[in-house]
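# Architecture and fold: a report
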Amino acid sequence: MLEIHDLVVRYKTGSLFSRLQPGAVKHVDVLAGVSLHVPPGKTLGLIGESGSGKTTLGRTVIGLAPIARGSIQVNGREPNDASDLSWRAIRRETGLIFQDPMAALDPRMTVEHLVTEPFTVNGRDIKRRAEASRLLDLVGLPSLFLDRYPHQLSGGQARRVAVARALALRPKLIIADEPTAGLDLSVQGELLNLLTSLQQELGMSYLIITHNLAITRHVTDRIAIMYLGRIVETGPTDVVFRAPAHPYTQALLGAKSKHKLPGAGVLTGEVPTLSHRPSGCEFHTRCPLATDYCRAAAPSLHSLSGEHQVACHTPLINAQPLSAQTGRLSLTEMHP
Ligand SMILES: Nc1ncnc2c1ncn2[C@@H]1O[C@H](COP(=O)(O)OP(=O)(O)O)[C@@H](O)[C@H]1O
Ligand SMILES: [Mg+2]
């Protein structure tokens, strides 16, 4: 349903004048060669710290960020240029639930108008009241909410309205950016249950974007971990939770991992910026296990077993040498 191949999103930095200065950083790659896919009816969790490029990726899928390289396909459709016309079909098939729904919901519009706005934008004629009731029903809100304004909604209710709005045009793909951020734990659970049951009922694919690894565990089929605009680990959710291979994933999982190596799981060191990417493995400035080789050579994403892939020279696979697993290089062999 969603196929992203080698995607680079590049922004110019500073003013034209500052870019002309010798040695100036002229652009930053917010996404630096991202590939991922979400099969029909499945859920991929995209996880990374704040600033890693998650929101940018969601926006890029509907044509709202400058693509410097790579390709995006939604339901087999690939836009051929940056024009709105080219992206229109993809936007119709993709429901986006924005980060911070309160900011995304126009305070002057009633819930009835908010959830049916996608029809208006697309010039579609509908029985507004009936359609709005249907959408609210899908997300478990009674019709008495139709005449409310955003400031009259709780955080959880606002999120449900955002979900209803994303569902309006019966999309094949839903992108949910931090769907549970800022909600109480019990409301977070309710919202995740709602997303899961909607998927069972309507069969959409989901891309769930979050900085919170824990919430993805029960609602995703696969996860991808992003660091500085690159995927550093990806695989079936249960496999990555059981045997996280990248030290960054380990750190995100915290002390919960059974396979914690000495020194792993605590991030120290300098957090790099996009305008000054570290040499070699870009995680080396924070990695407790980094070697000179890591500082010099960038690891590429390679397969550990099946769909489990990692970009690390010293992946933490149950602390066993790699050769014991699949006849691949052992840890020592990987360090020339
Ligand atoms: N329009 C833009 N121009 C320049 N830099 C941007 C722009 N949009 C986002 N960025 C940068 O891209 C990085 C990733 O941002 P974002 O995608 O919002 O990350 P996340 O959602 O993971 O927190 C940040 O460093 C941000 O400053
Ligand atoms: Mg974000």
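Refer to the structure printed above.
Residues numbered from 1 in each chain as written. Chains lettered and ligands numbered in written order. Predicted model: local features only at pLDDT ≥ 70, side-chain atom pairs only at ≥ 80, totals over all residues. Heavy atoms only, no water.

### Concerning the pattern of salt bridges
- All told, the structure shown has 15 salt bridges when counted by the stated rule.
- Arg108 is the salt-bridge partner of Asp106, the closest N and O atoms lying 3.0 Å from each other.
- Here Glu117 and Arg165 are joined by a salt bridge, their closest N and O atoms 2.7 Å apart. Of this pair, Glu117 sits in helix H5 (residues 111-121) while Arg165 sits in helix H7 (residues 155-167), placing them 48 residues apart in sequence.
- Take Glu117: its relative accessible area is 26%, and that puts it in the partly exposed class.
- Overlapping salt bridges, with partners in common, bring together Glu112, Arg129 and Asp147 in one network. (Salt bridge = Lys/Arg side-chain N within 4 Å of Asp/Glu carboxyl O. Helix = DSSP H or I, 4+ residues; strand = E, 2+ residues; numbered from the N terminus. Buried < 20%, exposed > 50% of the residue type's maximum accessible area, 1.4 Å probe, protein only.)

### Description of the side chain of Thr216
- Its location among the elements puts Thr216 in helix H9 (residues 213-216).
- The class for Thr216 is buried, based on a relative accessible area of 0%.
- Apart from the residues within four sequence positions on either side, Thr216 is in contact with Ile47, Thr210, Ile223, Thr237 and Phe241. (Contact = heavy atoms within 4.5 Å.)

### A word on the coordination of the magnesium ion (ligand 2)
- Distances from the magnesium ion (ligand 2) to its protein donors, Thr55 (OG1) and Gln99 (OE1), fall within 2.0 to 2.5 Å. Taken together, the residues span a long stretch of sequence, with Thr55 in helix H2 (residues 54-61) and Gln99 in the loop between strand S5 (94-97) and helix H4 (101-104) at a distance of 44 residues.
- Exposure remark for Gln99: the relative accessible area of 40% places this residue in the partly exposed category. (Donors = N, O, S within 2.8 Å, 3.2 Å for Na, K, Ca; no water.)

### So, the sheet that holds S5
- Sheet architecture is open: 8 strands sit in the order S5-S6-S7-S3-S8-S9-S11-S10, paired in mixed fashion. Where the open sheet ends on each side, the last strands, each with one partner, are S5 and strand S10 (302-305). Neighbour-to-neighbour, the strand axes of this sheet turn through a mean angle of 20 degrees, independent of strand direction.
- Where strand S6 (residues 173-177) lies against strand S7 (residues 205-210), 5 bridges are found, and the strand directions are parallel. Paired with Asp177 across the two strands is Ile209, which belongs to S7.
- The strands touched by H7 are S5 and S6; relative to S5, the strand with the most contacts, the crossing angle is about 165 degrees. (Pairing = 2+ DSSP bridges. Axes fitted to C-alpha atoms, helices over the stretch in contact; angles between N-to-C directions.)

Everything listed is a geometric property; what it means functionally is a separate question.
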